[in-house]
Amino acid sequence: MSPEPERPPRPARVSRRGFIGRTTAASLGAGALPRPDQATAAAAAAAAAGAPGQPLPGPPGTEVTLRVNGAEHRVGVDNRATLLDTLRERLRITGPKKGCDRGQCGACTVHIDGRTALSCLTLAVAAHEREVTTVEGLADGDVPHPVQRAFIKADAFQCGFCTPGQIMSAVALVEHGPVGSDDAIREFMSGNLCRCAAYPHIVRAVRQAGSTGRKR
Amino acid sequence: MAEPVVGRPHNRVDGPLKVSGRAAYGADHSYPRLVHGYAVTSTIAHGVIRAMDTSTAERSPGVIAVYTPFNAFTIHPVEGLRAPLQDTAVAHHGQIVALVVAESFEQARAAAFTVEVDYDERRPAVSLAEEEGNARPIPPVMGIPPVVTRLADGVPSITAALADSHITVSAAYTTAPQAHAAMEPYSAVVTWDDGRFTVHNGTQGVGLQVQTLAQALGVTTDDIHAVNPFVGGSFGGKYRPNAEVQLAAAAARALRRPVKVVLTREQSFTGTVIRSGTRQRVSLGAAADGTLTALSHRALAGAVADRESAELSAQRTSLAWYAVPNLEVRQTSVPLNTPDPTIMRAPGEASGSFALESAMDELAVALRMDPVRLRIKNNATVHPYSGLPFSGKHLVECYRLGAERFGWRRRGTRPRSRLDGEWYTGMGMATSVYPGFRNPATVKVGLRADGTALVSCDTADLGTGMWTVLPVVAAHSLGLPVRRVEPRLGDSELSPAGSVGGSCGVVTVGPAIMAAAHNAVAALLSLAVGEPSSPFHGLDPADLRYDSGRVSGPGRSMDFDDLLEAMGRSGVEALGTAAPGDESERYVFDSFGAQFVEVRVNRWTGEIRVSRALGVMDAGRIVNPKTARSQIVGGMIWGISAALHEGLHLDASGHLVNADLANYLIPVNADVPEVDVHFLDHPDTRFNPLGSRGIGELGIVGTAAAVANAVHNATGIRLRELPMTLEHVLAGLD
Ligand code: FES
Ligand code: FES
């Protein structure tokens, strides 16, 4: 459940300045620092924040509105929560995958306002009131997106774990085009790692979806 | 019979789920009251934990428990597995030393960073080169001793055999330690309800997972239900339940709440398992016509404490590949302070083939002989170690066909004789061999009154295509279209089919599907004659025939669904078991292939690009060429990756310095050329009734050597260390 102890009233809009102020405070307070070598400093800061034996105060939370695949979700989030974790753990939209949580693999790729974004590098509060599309939202009812069909036809995956991210990148390329040469496809798709190494088949799928037209 | 479905290309039946985000992998599961565990990992590579301060973590918001070696639940040791948090010893950098459990992921993570650990640090053993002096022979593996010497009559030693050879080449080769780096990080979701665990955690076999966890948790196998129909890649890394699932299960029981533990990418690199690096020496002696007269292969790999090693580079190649009268293989290991070395795609063959097949190329160069001809000349017609014949070996056909398809005759015979702009181009080739074995399996096949069939067992699909193999083989056996067969797998309550690994999946499960389909039809026919409401009631079962979904008897014929309906039955089902017999006493079941690679090497920067690759594979009957092709393509790209990209780097303190996906290089799309695969079609029914052999690992074997050999052909530079890096090319270019 939502962890925030003090839930501010729903903001009309998350202001960048207000958000930064709050997360900085959160970082100091709870030590949400990614590097182990900073743990000591974080611990000291955390210890200073509360009397010994007393529970430490939590970071502030924010209530955000997320529009995902056309549905609106109002959800109170920990300011440190990424869009990826919020989709997966709070909204149970698990198409976007966590391959690295660091912007290194592309498995978490979604569209925000029609552009590709790494949901692991996007805080949930930064997606407030924006249109988020995940792989679950590509099909038109029962009709899969041409890129989804092309991935199946070209066998453009094996384990399928990278596939939601690959497909979101491929859809962006096919819909905003032009798809270009095979080398251009390889280049565009190189932000999405595939350890099963379905790469040649991914190129084929994108090429094919690109040539059958952008519209579903 | 309907048209055969085995051997034709089929789309993955799990494809629609995978392209729409509906395939639920381990960490995609959630439960009410679920809590999140976040691991704390060691910052030293060797030593003992003296003390830990968890006080800040414990009073951090949302934190429910902090488990350390000083207060953790009991996890019983299981042979070959490290039981997490059971003692204060630190054996490698990045080992899990605590688990923080909190209401949310963010809270667990924040609290985990406040845990402080005091260590007594010891000097770690991290470098194979530096520890070479401590190398010892490995324990025997499957009856094969660590040192095998086979000498022709009157030859006193392998050294003498080499010395007496017309020509010899001898060189040292090294391969880097590697990470499996499946895109799905190591993760687990475990619930504990009324004494029963439900486990979601990517695995190569739910059966082994349940057995191992039962031991670790001190419960019976009936107390664990593993449900893992989708696995986000494994490659050997998820063969056994690693720390994350043991911890999630133990914490779920202790807290009586569902627990999710997802290792970070960095922790997935450091906190689990790796492929050991190797140091090898191969010496070859040959007559003037290229006939091998002596082969010596020594290999050293990292090991866990008991010196068992998974990366048996010499044993798994040189004992099996070429006909040679004098042969010596020596396999040693040394324990290192690295994440535990384990099996990884073609363990032994991947690294061993780099050394052996590079050496063969060096011999070809020394002899001024075509590398394809050299290999054909030394083709083994019986297995060199066991002396048994191969069940089916068409390796020479692979070489010949590959050379023709690849345009091998356009290869320059002198280095730097082909220049395209600022790129030297060259071609290289190598042999692939991977041994075949199969396990017993039991499969259930059902025929249902709605006209569909069901095929199920507890096997796993790691991306291998097993989801599709099940209905394809069942449909083939039942004479039905594939779409009318529903598969189920990856659930420990299904019939046991063993783990997948060592490329044994299809050959293990396929024959059992055939047996189960046969039994299901027999059950249908016996019902048909026994049920009073059946139109065939009272007939002799021998008068009935089943063909392509229809049951025919004297004077009448009907679809099985109509028959079931007439009898008022919702369906009929049967188990079928298939197991290897004594055929392995008569044959060796290796799969074979020939790898061809073209490279471009920039004459100024030394950059190596693979521009084309072809694999011609002799792997028996291919059940589904579409997914089989993907597996071989993937394996070949793994080989290219080993050649040019991959390697774990440990600094002198044992710290893994590139334990993330930005710094541990695996190929991206732009690194990968067109990869062509061709399968020979020689069904191998000596191995199993389906006629298939394994393909999961075959594609990686030999590929790295083919790249190195192509680089030599292009530039004259011989690179004997993987991955091959620019500085070594540059050093040779001027
Ligand atoms: S999980 Fe976002 S890029 Fe890897
Ligand atoms: S399909 Fe397995 S990682 Fe891409």
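Since we're looking at a predicted model, the values are computed, not measured.

Q: Explain helix α7 (residues 199-211) of chain A to me, using residue names and the numbers behind them.
A: An α-helix turns once every 3.6 residues. As a result, residues three or four positions apart point the same way. The first and last C-alpha atoms of α7(A) sit 18 Å apart over 13 residues, in line with the 18 Å expected at 1.5 Å per residue. Within the sequence span of α7(A), burial applies to Y199(A), P200(A), H201(A), I202(A), V203(A), A205(A), V206(A) and A209(A). Where α7(A) is buried, its residues meet α4 (146-153), α5 (163-176) and α6 (182-188) of chain A together with α16 (625-644) and β30 (674-679) of chain B.

Q: Just give me the short version of the interface of chain A and chain B, but keep the residues and values in it.
A: Taken together, the contacts link 71 residues of chain A with 69 residues of chain B. In total, chain A and chain B occlude about 5,600 Å² of area from one another, counting both sides; carbon and sulfur atoms represent 55% of this. Inspection of the region where chain A meets chain B yields seven salt bridges. Between R102(A) and E266(B) there is a salt bridge; the shortest N-O distance is 3.1 Å. The interface formed by chain A and chain B contains 30 residue pairs in polar contact (both at pLDDT 80 or more). Those elements giving two or more residues to the side of chain A that touches chain B turn out to be α2 (39-49), α3 (83-90), α4, α5, α6 and α7 of chain A. The element that contributes the greatest number of residues to the side of chain A that touches chain B is α7(A), accounting for six residues. Here the side of chain A that touches chain B is built from residues that sort into 36 nonpolar, 17 polar and 18 charged.

Q: Let's hear about the UniProt feature "domain: Aldehyde oxidase/xanthine dehydrogenase a/b hammerhead" (unreviewed entry) in chain B: which residues, and what values?
A: The sites that UniProt annotates as "domain: Aldehyde oxidase/xanthine dehydrogenase a/b hammerhead" (unreviewed entry) are residues 20-123 of chain B. Taken end to end, residues 20-123 of chain B is 12% helix and 33% strand, and its two terminal C-alpha atoms sit 50 Å from one another.

Q: A description of the sheet that holds strand β5 (residues 96-102) of chain B should follow, citing residues and the corresponding values.
A: Residues and elements named next belong to chain B. The strand order across the open sheet formed by seven strands is β3-β5-β1-β13-β10-β11-β12, and the pairing between neighbours is mixed. A strand with exactly one partner marks an edge of an open sheet, and here the two such strands are β3 (63-67) and β12 (224-226). Direction aside, neighbouring strands of the sheet carry axes that sit 20 degrees apart on average. Across four bridges, the pairing between β3 and β5 is antiparallel. Counted as the bridge partner of Y67 is L99 from β5. Strands β1 (35-41), β3 and β5 of the sheet are contacted by helix α3 (residues 105-112), whose axis makes an angle of about 25 degrees with β1.

Q: Give a detailed account of the nonpolar core, specifying residues and quantitative values.
A: Core analysis: the largest hydrophobic core is formed by 203 residues, its most contacted members being F151(A), V206(A), V599(B), V707(B) and M724(B). It is helix α14 (residues 505-530) of chain B that provides the largest number of residues to this core, a total of 12 residues. Every residue in contact with V707(B), bar those within four places of it in the chain, is listed here: V597(B), V599(B), V610(B), I640(B), A643(B), L644(B) and M724(B).

Q: Pulling in residues and values, what's your account of the sheet that holds strand β5 (residues 131-133) of chain A?
A: Residue and element names in this part refer to chain A. Ordered by their spatial adjacency, five strands build an open sheet running β2-β1-β5-β3-β4, and the pairing between neighbours is mixed. Among the strands making up the open sheet, the edge pair consists of β2 (71-78) and β4 (115-118). The mean angle between the axes of side-by-side strands here comes to 40 degrees, regardless of whether they run parallel or antiparallel. Of the strand pairs in this sheet, strand β1 (residues 61-68) and β5 are connected by two bridges, and their pairing is parallel. Paired with V68 across the bridge in β5 is V132.

Q: With reference to specific residues and values, describe the pattern of salt bridges.
A: Close approach of charged atoms allows side chains with opposite charge to pair. If you walk through the whole model with that rule in mind, you get 46 salt bridges over all chains. Of the charged contacts in the structure, one is a salt bridge between D155(A) and R12(B), with a shortest N-O distance of 2.6 Å. With D155(A) in the loop between α4 and α5 and R12(B) in the segment before α1 (15-18), the pair connects residues from two separate chains. For D155(A), a relative accessible area of 1% corresponds to the buried category. Three or more residues are tied together by salt bridges with common partners; here these are D361(B), E362(B), R718(B) and R720(B).

What counts and what doesn't
Residues numbered from 1 in each chain as written. Chains lettered and ligands numbered in written order. Predicted model: local features only at pLDDT ≥ 70, side-chain atom pairs only at ≥ 80, totals over all residues. Heavy atoms only, no water. Helix = DSSP H or I, 4+ residues; strand = E, 2+ residues; numbered from the N terminus. Expected span 1.5 Å × (residues − 1). Buried < 20%, exposed > 50% of the residue type's maximum accessible area, 1.4 Å probe, protein only. Contact = heavy atoms within 4.5 Å. Buried area = accessible area lost by both parts, 1.4 Å probe. Salt bridge = Lys/Arg side-chain N within 4 Å of Asp/Glu carboxyl O. Polar contact = N/O pair within 3.5 Å; in protein donor to acceptor, adjacent residues only side chain to side chain. Nonpolar A, V, L, I, M, F, W, Y, C, P; charged D, E, K, R; others polar. UniProt positions renumbered as here; feature names shortened; annotations may be inferred. Pairing = 2+ DSSP bridges. Axes fitted to C-alpha atoms, helices over the stretch in contact; angles between N-to-C directions. Core = buried A, V, L, I, M, F, W, Y, C linked by side-chain atoms within 4.5 Å.

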